[in-house]
Structures are given as C-alpha cells and as structure tokens.
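# Structural overview
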Amino acid sequence: MDPVTAVGLASNVSRLLTFAGNLVSKSREIRRSAHGSLVANDELAAICRTLESQNRRIAAQLSRRRSSSEKGREIIQLCERAREVSRELIDVVEGLKSQNPSGKWDSFRQALKSVRKEREISDIMERLQRYRQQIDSLLLTSIQERLQRYTETSGNKNASVENNFNTMMQSIQPGREWQAELITTARRGLRDDAVIEIVHKDFSSSLSAGAQREHDDYNKKLLLRSLTFPDLKERYDGISEAHQRTFAWILKEDEPEGKKGPDTFSTWLMSNNPLYWITGKPGSGKSTLMKYISMDQGLKRHLAVWRGNKAVYIGRFFFWNSGTALQMSRMGLLRSLLYQILSDCPDMIPHTFEDRWEYQELFGYNGWAWSWSELSNGLFSIVSDENKMFFFLIDGLDECDGDSQDLANFFLGITSNRKNVKVCVSSRPWLVFEDAFQSRPSLQIQDLTLEDV
C-alpha cells in the first residue's frame, strides 16, 4: 500500500476518533446538566448512524487494500482493530437510549446512565487513541521510507529525496491538497537537525486537520444537496431564448430614443439604486427578457462598475404557477438562491446555518426539512457581509403561490439600507406591486417590445 493511499485510510480513522471525542464531550455535558435539559433518543440514533457510516467507510477501504510491505500490513491491522473498537462504542451509545415513550430523559435519569457508562466510554477512547498514535507513527515512517527510496545507490542523497518528494506530491488527488503538508512534514523529519517529537506532533496535527477538512467538505456537499431540488431549473430552461437583437438595447448605454433616461436598466445596474421593477401584461415577454438579461455578458460588465473590486454573487429564480410546489413558492425561491450562492462560496455555509452546522458536527447529518425562518435568516446573514456584492434576478412575482404583499416586503427588506445588494424583479402590473415599487426605477415592457419586434 503506497503512503498516499495509507493517508486516506488513516484520515478516516482520525475523523472517527475526533467524532467519538466530541461524543464524549457531549455525554459529559449531559451528565453535568442539572437544570432539566432533555436529550432526545433521535440524537443518539443520529450519533450511531454517523459512527456506523464511518465504520463502514473504513471497512470498505480495508477490503480493497492489500500491502506487500510490512509497515503497510501493520497500518491495515491497526485500522482494523480501531474499527472493531469503534463497534464497541456504537454498542455503548445504543445502550444509552431511553425506553420511555416520549423518547427523552429527564436530566437525573440521563445523568445516572451517563455516569454508569462514562468509565466504559473513556476506556474505549483511550484504546482508540493508542491505535491512532501507532497509526500516525507508522504512516510517518512509511512516507519517510518512500522519500529515501534508492538513496543508498544514489550519489546525491538530497537530490534523490527531492525527486521522490516531487513524485509523491504529483500523486495527490485534486481536493486533497492538505496531504501535501503531511509529505512536507515527513521530509522535514529527515533533516539532521530535526526534533523527532516535534515532527511527530506536527504530523498528527496535520492529519487531524486534513481529516476534519475533508469531513467539512463532505458536510457542505450534503447541505447543498438538501437545498437543491430536481426541477430547480425547469422553468428557466423552458423559456424560449430571445433573438439577440430583440432585447439587445436593454444592456446598452446608448439605448434607443424613448428608452433613455435615469431609469434605464443599464444605468441602474451601474448605480447604487437597489431595486428595479420590470412590469408587463401577460404575454408581453417579461420572462424572455429576464432570461436574456441573465445570459448576456453585458450584465456582468455593467455590474463591474457597481461592485468595484469586490466579488459579486448572482442568483436567479423564475416563479412558475404551473409547476411544482417549490417552483411557485417562497421556500423554493430561497432554497434556489442559497444553493446558487453557497455553491459558488461553500466556505460561507458554516456561518450561514450555524445551528444546523453545529448539530451536524455533534450528531451527524440528519436531513431535517428546511423552514422559512432558517432559510430567510440564512440569506439575510449572507447579504450582511458588506465585503461581498449580490445581484438577484427574480421573474414572475405574480406567479408565487403566497401573499404578494409579503413577497414584495421581503425584497424591499433585503435591499433596505444595503449598498451591496441589487434586485431586479418582474411581474404583471398588479396594484400590490405598483404600490410597493412605485418609487423605484421601472420598465413597462409592453410599450417597447412591439416596436423592437
């Protein structure tokens, strides 16, 4: 088994140990609780599912790995033993479950159960930690042996180590760049002046940090997947594309006579004015125009004037009252916008949904349904970062299956007192939207498209 492959296996063991350590911290927190806090059975069930998943992941890797080297075989054996010990931990957690119908314990009963099991859990953790230390030590030695390969016959030891180092670095898979730090630390340990204890400590720390990074990336993907839905782009894809010349004027600064003025769309894109309303009767081409705007390169060119040197994140949503519930709802709107923004910048996820993220870290992914408050709070949290700029293109407000006044107020609220948010909305000329957007720049599309066609 080559060292880079062994790193992947060891990182999974590291992650299992980190998760188990969090579990112990949580059980102590429960044991010390004296103010009646309750812990649900389903949380312990979520812990068991996560431990089982990590256990199976290690087992799957072990079933595919064989090694001709002695150290490779030792690493595999230690990982197998760690997996067996983690199975004991799962059994202990299962035994903590309450049998009462409500699925919860009062703090006193929970404390008693935790006290009885704490010594057993601590013993398991100590054994896992010992396996982890042995795995780290063997892995470090294995990488160093690979770096020193052929140096006995080489005229230049340092050159040989450097060549092997470069070969190993090139074998690192995309998305696992953190493994480069492990190889670099191992190379540092080969120097004559290296302090072995420090090298071992740095190596273990890098392995733990890398395993956590991979785990976080995995959780981010799960959360993003929970935001999207199968027909997210169906309405957008179903709108016919306009001929290039039909709406070309909308993103030109030298707009035709009758379309010039301070309220022109191109002027608005470059300004600090936060909201623009495109309105028109049924069949006037609002959706076609909105799709054209979202696709044309002129959009980003004009927004560049407004955003300056800051990054701009663009989200779009096309309501459709003939579609599914999510295609015509505010929930679908927010899930779509959040999915688009967070896909472009997944590092925002932990801060955007702090409670959900913390729960995932403690208990594992649970797939809870999204609520309006969680989604709206998340979006408002994102746009509160004034170092980032946001542009939203929302078509068909009148096709939303909900209170139109609430929808209008939502967009007025998200743009209120914010210079880093711009929203372009379109709708039929309903009175509720006229009242809400009457003081905003606007375009009545039915007065213009006939002439262009």
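Residues numbered from 1 in each chain as written. Predicted model: local features only at pLDDT ≥ 70, side-chain atom pairs only at ≥ 80, totals over all residues. Heavy atoms only, no water.

## Focus: the overall build of the protein
When its secondary structure is counted, the protein shows 18 helices and five strands. Every one of the 453 residues in the protein was classed for burial, and the buried ones make up 50%. Within the protein, counting contacts between residues at least 6 apart in sequence, those at least 24 apart form 79% of the total. By element, 46% of the accessible surface of the protein is carried by carbon and sulfur atoms, the whole surface being about 22,400 Å². (Helix = DSSP H or I, 4+ residues; strand = E, 2+ residues; numbered from the N terminus. Buried < 20%, exposed > 50% of the residue type's maximum accessible area, 1.4 Å probe, protein only. Contact = heavy atoms within 4.5 Å. Areas by Shrake-Rupley, 256 points an atom, 1.4 Å probe, with all protein chains shown as cover.)

## Points about the confidence of the model for the protein
Averaged over all residues, the pLDDT of the protein is 82; the fraction at 70 or higher stands at 81%. The low-confidence segment residues 27-39, where pLDDT is below 50, has 21 contacts with residues more than four positions distant or belonging to other chains. Note that residues 256-261 has pLDDT below 50 and, in this model, eight contacts with residues that lie over four places away or in other chains. (pLDDT = per-residue confidence, 0-100.)

## Observations regarding the pattern of salt bridges
What the rule picks out here adds up to 13 salt bridges. For Lys220, the salt bridge goes to Asp347, with nearest N and O atoms at 3.1 Å. Residue Lys220 is found in helix 7 (residues 196-227), and its partner Asp347 is found in the loop between helix 12 (330-344) and helix 13 (349-352); the two are separated by 127 residues along the sequence. Residue classification places Asp347 among the exposed positions, given a relative accessible area of 56%. Here the salt bridges share partners, and the residues they tie into one network are Glu88, Asp123 and Arg127. (Salt bridge = Lys/Arg side-chain N within 4 Å of Asp/Glu carboxyl O.)

## Looking at the pairing of strand 1 (residues 275-279)
Burial within strand 1 is extensive, with five of its five residues counted as buried. Both faces of strand 1 are covered, namely the face carrying Leu275, Trp277 and Thr279 and the face carrying Tyr276 and Ile278. Relative to strand 4 (residues 421-427), strand 1 runs parallel, the two sharing five bridges. The residue bridging Ile278 from the neighbouring strand is Ser426, located in strand 4. Of the strand pairs in this sheet, strand 1 and strand 5 (residues 442-444) are connected by three bridges, and their pairing is parallel. Paired with Ile278 across the bridge in strand 5 is Leu443. (Pairing = 2+ DSSP bridges.)

## Side note on unusual backbone geometry
Even without glycine at this site, Asn417 takes up a positive phi of about 55 degrees. Here Asn417 is to be found in the loop between helix 16 (404-415) and strand 4.

## Some remarks on helix 12
The end-to-end C-alpha distance of helix 12 is 22 Å, a good match for the 21 Å that 15 residues give at a rise of 1.5 Å each. Considered for burial, the residues of helix 12 that qualify are Gly332, Leu333, Leu334, Arg335, Ser336, Leu337, Leu338, Gln340, Ile341 and Leu342. Contact partners of the buried residues in helix 12: helix 7, strand 2 (311-318), helix 13, helix 15 (372-383), strand 3 (388-395) and helix 16. (Expected span 1.5 Å × (residues − 1).)

## Focus: helix 3 (residues 70-95)
In a regular helix each residue adds 1.5 Å, so 26 residues correspond to 38 Å; helix 3 covers 38 Å between its end C-alpha atoms and thus fits that length. Those residues of helix 3 that sit buried are Gly72, Ile75, Ile76, Leu78, Cys79, Ala82, Val85, Ser86, Leu89, Ile90, Val92 and Val93.

## Remarks on the nonpolar core
Membership of the largest hydrophobic core comes to 49 residues, with the highest contact counts inside it found for Val7, Cys79, Leu128, Leu139, Ile143, Leu147 and Leu207. Going through the elements one at a time, helix 1 (3-32), helix 2 (41-64), helix 3, helix 4 (107-147), helix 5 (157-170), helix 6 (179-188), helix 7 and helix 14 (354-363) are the ones with two or more residues in this core. Ranked by residue count, the leading element in this core is helix 4, at 11 residues. Once residues lying within four places of it in the same chain are set aside, the contact partners of Leu207 are Val7, Ala10, Ser11, Ser14, Arg132, Asp136, Leu139, Trp178 and Leu182. Counting residues in each nonpolar core, the second largest holds 44 residues, with Leu227, Trp357, Cys400 and Phe437 among its members. (Core = buried A, V, L, I, M, F, W, Y, C linked by side-chain atoms within 4.5 Å.)

## Quick notes on the side chain of Thr185
In this structure, Thr185 sits in helix 6. In this structure, Thr185 is in contact with Val199, Asp202, Phe203 and Ser206, ignoring residues within four places of it in sequence.

## So, the packing of helix 15 against helix 16
The description of two packed helices rests on the angle between their axes and on the distance between the axes. Two numbers describe how helix 15 lies on helix 16: the axes approach to 10 Å, and their chain directions differ by 30 degrees. As summarised for this structure, helix 15 and helix 16 are arranged roughly parallel, according to the angle between their axes. Helix 15 and helix 16 meet at a crossing whose hand is right-handed. Across the interface between the two elements, Trp372, Ser376, Leu379, Phe380 and Val383 from helix 15 touch Phe410, Gly413 and Ile414 from helix 16. Grouping the amino acids of the contact of helix 15 with helix 16 by side-chain chemistry returns six nonpolar, two polar and no charged. (Axes fitted to C-alpha atoms, helices over the stretch in contact; angles between N-to-C directions. Parallel < 35°, antiparallel > 145°, perpendicular 65-115°, else oblique. Left-handed = near helix turned anticlockwise from the far one by under 90°. Nonpolar A, V, L, I, M, F, W, Y, C, P; charged D, E, K, R; others polar.)

## Some remarks on the sheet that holds strand 1
What the five strands build is an open sheet, ordered 2-3-4-1-5; its pairing is parallel. The open sheet terminates on both sides in strands that have one partner only, identified here as strand 2 and strand 5. Between one strand and the next, the sheet's axes are offset by a mean angle of 10 degrees, whatever the strand orientation. Lying over the sheet, helix 10 (residues 286-295) contacts strand 1, strand 2, strand 3, strand 4 and strand 5, oriented at roughly 155 degrees with respect to strand 3.

## A look at the environment of Asn321
As for its position among the elements, Asn321 is in the loop between strand 2 and helix 12. A C-alpha to C-alpha distance of 8.7 Å links Asn321 and Asp398, two positions 77 residues apart in sequence. Apart from residues lying up to four places away in sequence, Asn321 is in contact with Met328 and Glu399.

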